[in-house]
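Close look at the chain arrangement
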Amino acid sequence: MNKPLPWADDTPRLSQWCAVLFCCFSALLAAVYLQPQLASLLCVVPVASYLMLGRQMGMVYSIGWSVLGMAVLWLRPGNDGAALLGAAAAVLGAGVLSHLFETRRVALAAALRRTAALDPLTGLHNHLYLESIFSQLTRSHRGKPQSVTMMLLALAPGASDERLVDVARLIGEVCRPSDWAFRFGDDRFCVLVPWVTQVQGQQIAERLLARIKAEQHQQARLGLARWPDDAQTLAELHKIASSQIKPA
């Protein structure tokens, strides 16, 4: 449970940037062929590739266009071997530094995402992450039952930190690896159960509620709402599920 879905590439409009750099690098290679003294400009290739395209596509563009640039210099009549070697060393250095920088940036971004997404007490995702995951789940059913069941679980007011941690543990034990659990307020939890029938969603909810009552000996209330049958938006689903939670 709670394993992040694959994130979309961090670069907005990746296809357009690939096309723009393709045109720019083509023009750069033509200029280098006509004016070999501009060979130092090939250092721009890896820097621009990683900066504009991110790590994976940036590596492809950096290696591919750098090799093409060296080939252009090599194939040009009257090329200077010493100058060619110097240009290759400069491009290689720029590529290595760009790759190391982008790798550290990606690692830092991933760490910040994890910190922002997780509730420090329970280890579950916080509600700020809920809309993003709901959006991904409603787009990625891929032949599975096109449904997402929202379970909104409310504990007795004033539940201690120990009880909240225990409930988070029970949610992890009862729910499936493909389900998503969130801390939702002081004494509430939200679980998204994707790709199940209405009966299956109800069964998971009943098992969870029974485990909480059996192990914690306290009242817990639970509301259910189902996308897209009950509502189309996350806000509407939350409203429906909340209306089913009766005061203890």
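Above: the structure in question.
Residues numbered from 1 in each chain as written. Predicted model: local features only at pLDDT ≥ 70, side-chain atom pairs only at ≥ 80, totals over all residues. Heavy atoms only, no water.

The step from Trp227 to Pro228 runs through a cis peptide bond, and the omega angle for that step is 0°. In this structure, Pro228 sits in the loop between strand 5 (220-227) and helix 7 (234-243). Its identity as a non-glycine residue notwithstanding, Trp195 has a phi of 65°, on the positive side. Relative to the helices and strands, Trp195 is located in the loop between strand 4 (188-194) and helix 6 (198-216). (Helix = DSSP H or I, 4+ residues; strand = E, 2+ residues; numbered from the N terminus.)

Glancing now at the nonpolar core. In terms of nonpolar packing, the biggest core is built from 25 residues, with Met151, Leu153, Leu155, Ile171, Phe189 and Ile212 touching the most fellow members. Elements with a minimum of two residues in this core: strand 2 (148-155), helix 5 (161-174), strand 4, helix 6 and strand 5. Looking at which element gives the most residues to this core, the answer is helix 5, with six residues. Formed by 23 residues, the second largest nonpolar core is a distinct cluster that contains Ala117, Trp195, Ala231 and Leu234. (Core = buried A, V, L, I, M, F, W, Y, C linked by side-chain atoms within 4.5 Å. Buried < 20%, exposed > 50% of the residue type's maximum accessible area, 1.4 Å probe, protein only.)

Below, the discussion takes up the pairing of strand 4. Burial analysis of strand 4 places six of its seven residues in the buried class, which makes it a mostly covered element. In this sheet, strand 4 lies alongside strand 2 in antiparallel orientation, the contact comprising seven bridges. Bridge pairing links Val148 to Pro194 in strand 4. Pairing between strand 3 (residues 180-183) and strand 4: four bridges, direction antiparallel. Directly across from Trp180, in strand 4, lies its bridge partner Leu192. In this antiparallel pair of consecutive strands, strand 3 and strand 4, the connection spans four residues, and Gly185 shows a positive phi of 95°. (Pairing = 2+ DSSP bridges.)

Bringing the state of the cysteines into the picture now. Taken as a whole and judged by the stated rule, the model has zero disulfides. In this structure Cys43 is not part of a disulfide, and its nearest cysteine sulfur, from Cys24, lies 17 Å away. Looking at Cys43, the relative accessible area reads 22%, which means it is partly exposed. Distance from the sulfur of Cys190, which forms no disulfide, to the nearest cysteine sulfur (Cys175) is 11 Å. Since its relative accessible area comes to 0%, Cys190 is described here as buried. (Disulfide = S-S within 2.5 Å.)

With 37 residues, helix 3 (residues 81-117) extends 53 Å between its outermost C-alpha atoms, agreeing within 8% with the 54 Å of an ideal straight helix rising 1.5 Å per residue. For helix 3, the complete set of buried residues consists of Leu84, Ala87, Val91, Ala94, Gly95, Ser98, Glu102 and Ala117. Contacts from the buried residues of helix 3 go to helix 2 (44-75) and strand 1 (125-126). (Expected span 1.5 Å × (residues − 1). Contact = heavy atoms within 4.5 Å.)

A few words now on the sheet that holds strand 2. With mixed pairing, the five strands of this open sheet are ordered in space as 1-3-4-2-5. Of all the strands in the sheet, the pair left with one neighbour each is strand 1 and strand 5. Packing against the sheet, helix 5 makes contact with strand 2, strand 3 and strand 4, and its axis sits at approximately 10° to strand 4. Contacts from helix 7 reach strand 2, strand 4 and strand 5 within the one sheet, and its direction differs from that of strand 5 by about 145°. (Axes fitted to C-alpha atoms, helices over the stretch in contact; angles between N-to-C directions.)

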